[in-house]
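# Close look at the chain arrangement
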Amino acid sequence: MHAWQVITGGICSLVLTLGLARFVFTPLLPAMQLQTGLTDAAAGGLAAANYAGYISGALAVAWIDDGRWRHRLYSMGLWLALLTTAAMALTTWMPAWALSRYVGGLCGAAGMLLGSGLVLGWLMRQGRRPELGLYFIGIGLGVVVSALGAWGLSFFWTLWSAQWLAFSVIGLIFFVPAWLWRPPVPPAPVATVAGDVGPVVSRRWMLTMAGSYFAAGWGFVISATFTVAIVEREPALAGQGALAWALVGLAAMPAVFLWDKLARRWGDTRALLLAFGLQTASVVLPAVSGSLAAALIGAIGYGATFIGIVSMTLALVGRRAPQNPGKAMARLTLSYGAAQIVAPVVAGAMAQATGSFKGALWLTAAVMLAGMALLATLPEEGPSA
């Protein structure tokens, strides 16, 4: 199997497990609320169920060392991504929706965590550069597919359930290469090192990073869940939600390369502080102005920063814990995931109580600023070679 096949299959798996199983909920949310009476608080609860599934998957990934099981669960995630997308169309029963969103979150963990590990391991065994920049293009592409798909399908089917079923059919396009070009099952390790030590990072440093990553997770999930709904709530912007969501994906696709280059030049901490600052400004813009320009600039800024924050943070902690980077990354994933469970519930309740998302956006900006303050206490990371 060639490298381009493994990378392409991985990109398609991210479109399937993240773009469809997780992100399609965002552009279809306005139609679901209009046609089923789904409240803001209930929508926040469904988003929280999705992220609870993701964090459950992250916990499982952190404990599974057997390469064969990691490969099996990754493969299962591809199938479940199709099934859980179709299942959303079959009922309006809230517990069933919540279960479907939870399983969709598990699928996201399979594509994001298991898939990236399998692809990276294969590249290293082949003697190729262990980089995942191309792989993570699948996240932005998944957002674009969900946005443009929702926009295009609305011309043919206005019923929310028909759109969910259509997305499951679209998913087949990405399932085939993702399945056929899966990385091979990794070989069993030759030997286990006795007395394996934990990550060589101080408790204070790790707790500080976990706190800042919690803030990043809060900023990520609010926009990931409610971007389209926020835009559609503005009378002058009705019908522009899909455009804003598409811009998020288009901005995210090249972001990994740009942030990696900036981190090499400026150092990780400075680059992270800049990304946090830009994302905070992007969150605030729709709260300050209800104009189309503010909504679109905010979407672009969010898309260009969230994936950079994730990639730079995980790379930084991985380099700080070379003996066992997986455990250190898993800890951060838990803090990021915890925010993804709490934030949409809080934001949905605030929006339902006030009739506007502006208060939730200002709260999100405050959380992001707190994350920046934590980052600023860390020793400066020099530019990488």
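Predicted model only: the values in this text are computed from it and were never measured.

To continue, consider the overall build of the protein chain. Per the secondary structure count, the protein chain includes 14 helices and zero strands. Ordered by position in the sequence, the α and β elements of the protein chain form the string α-α-α-α-α-α-α-α-α-α-α-α-α-α. Intrachain contacts of the protein chain at a sequence separation of at least 6 include 84% that bridge at least 24 residues. Looking at the protein chain as shown, the accessible area adds up to about 15,900 Å², and 70% of this sits on carbon and sulfur atoms.

Next up on the list: the packing of helix α4 (residues 67–87) against helix α5 (residues 94–125). Contact pair α4 / α5: the axes reach a minimum separation of 8 Å and the direction vectors enclose 145°. The hand of the α4/α5 crossing is left-handed. Of α5, the residues touching α4 (which contributes Arg70, His71, Leu73, Tyr74, Gly77, Leu80, Ala81, Thr84 and Ala87) are Ser100, Val103, Gly104, Cys107, Ala110, Gly111, Leu114, Gly115 and Leu118.

Membership of the largest hydrophobic core comes to 112 residues, with the highest contact counts inside it found for Ile139 and Trp164. For this core, the element with the highest residue contribution is helix α8 (residues 203–233), accounting for 13 residues. Beyond its immediate stretch of four places on either side in the chain, Ile139 contacts Leu14, Leu18, Phe23, Met112, Phe306 and Ile307.

Where nonpolar side chains cluster on the molecular surface, the patch consists of Leu148, Trp151, Phe155, Phe156 and Trp157 and spans about 650 Å² of accessible area. Locating Phe155 in the fold gives a position in the loop between α6 (137–153) and α7 (160–180). Overall, Phe155 belongs to the exposed group, its relative accessible area being 58%.

Further remarks concern the packing of aromatic side chains. In the structure shown here, the tally under the stated rule is 15 aromatic pairs. The structure contains a cluster of three or more aromatic residues connected by ring pairs, namely Phe23, Tyr51, Tyr213, Phe220, Tyr302, Phe306 and Tyr336. Positioned above the aromatic ring of Trp179, the side-chain terminus of Arg182 is 3.7 Å from the ring centre.

Here we come to the packing of helix α11 (residues 268–288) against helix α14 (residues 358–376). Across the interface, α11 lies against α14 with an axial gap of 9 Å and an inter-helix angle of 165°. Classified by the angle their axes make, α11 and α14 are roughly antiparallel. Considering the relative orientation of α11 and α14, their crossing is left-handed. Contact residues: Thr269, Leu272, Leu273, Phe276, Gly277, Gln279, Thr280, Val283, Val284, Pro286, Ala287 and Val288 in α11; Lys358, Leu361, Trp362, Thr364, Ala365, Met368, Leu369, Gly371, Met372, Leu375 and Ala376 in α14. Within the contact of α11 with α14, the residues separate by chemical class into 16 nonpolar, six polar and one charged.

Right, let's talk about α4 for a bit. The terminal C-alpha atoms of α4, which comprises 21 residues, lie 30 Å apart, in line with the 30 Å expected from a rise of 1.5 Å per residue. Along α4, the largest kink reaches about 25° and is centred on Leu80. Among the residues of α4, Gly67, His71, Tyr74, Ser75, Gly77, Leu78, Ala81, Leu82, Thr84, Thr85 and Ala86 are the ones counted as buried. The inward-facing, buried residues of α4 contact α1 (3–20), α5 and α7.

In the predicted model, the protein chain carries a mean pLDDT of 83, and 87% of its residues have values of at least 70. Within the protein chain, the element-level pLDDT minimum falls on helix α13 (residues 325–354), averaging 77, and the maximum on α7, averaging 95. Counting interchain partners and residues more than four positions distant, the pLDDT-below-50 stretch residues 192–199 has nine contacts.

What follows is about the environment of Trp69. With respect to the element layout, Trp69 can be found in helix α4. With 116 residues separating them in the primary sequence, Trp69 and Val185 have C-alpha atoms 9.1 Å apart.

In a regular helix each residue adds 1.5 Å, so twelve residues correspond to 16 Å; helix α9 (residues 241–252) covers 17 Å between its end C-alpha atoms and thus fits that length. Burial of α9 is extensive: ten of the twelve residues sit out of reach of the surface. For α9, the set of buried residues is Gly241, Ala242, Ala244, Trp245, Ala246, Leu247, Val248, Gly249, Ala251 and Ala252.

Turning our attention to the environment of Leu273. By the secondary structure assignment, Leu273 is in helix α11. Residue Leu273 is classed as partly exposed on the basis of its relative accessible area, which comes to 22%. As for Leu273 and Gly371, which are separated by 98 residues in sequence, their C-alpha atoms are 9.1 Å apart. Contacts of Leu273, omitting those with residues within four sequence positions, involve Met372, Leu375 and Ala376.

What counts as what
Residues numbered from 1 in each chain as written. Predicted model: local features only at pLDDT ≥ 70, side-chain atom pairs only at ≥ 80, totals over all residues. Heavy atoms only, no water. Helix = DSSP H or I, 4+ residues; strand = E, 2+ residues; numbered from the N terminus. Contact = heavy atoms within 4.5 Å. Areas by Shrake-Rupley, 256 points an atom, 1.4 Å probe, with all protein chains shown as cover. Axes fitted to C-alpha atoms, helices over the stretch in contact; angles between N-to-C directions. Left-handed = near helix turned anticlockwise from the far one by under 90°. Core = buried A, V, L, I, M, F, W, Y, C linked by side-chain atoms within 4.5 Å. Buried < 20%, exposed > 50% of the residue type's maximum accessible area, 1.4 Å probe, protein only. Patch = residues over 30% accessible without salt bridge, like charges linked within 9 Å, V, L, I, M, F, W, Y side chains within 5 Å. Salt bridge = Lys/Arg side-chain N within 4 Å of Asp/Glu carboxyl O. Phe/Tyr/Trp six-rings, centres within 6.5 Å; stacked < 30°, edge-to-face > 60°. Lys NZ or Arg CZ within 6 Å of the ring centre and 35° of its normal. Parallel < 35°, antiparallel > 145°, perpendicular 65-115°, else oblique. Nonpolar A, V, L, I, M, F, W, Y, C, P; charged D, E, K, R; others polar. Expected span 1.5 Å × (residues − 1). Bend = angle between axes of the 7 residues up to and from the residue. pLDDT = per-residue confidence, 0-100.

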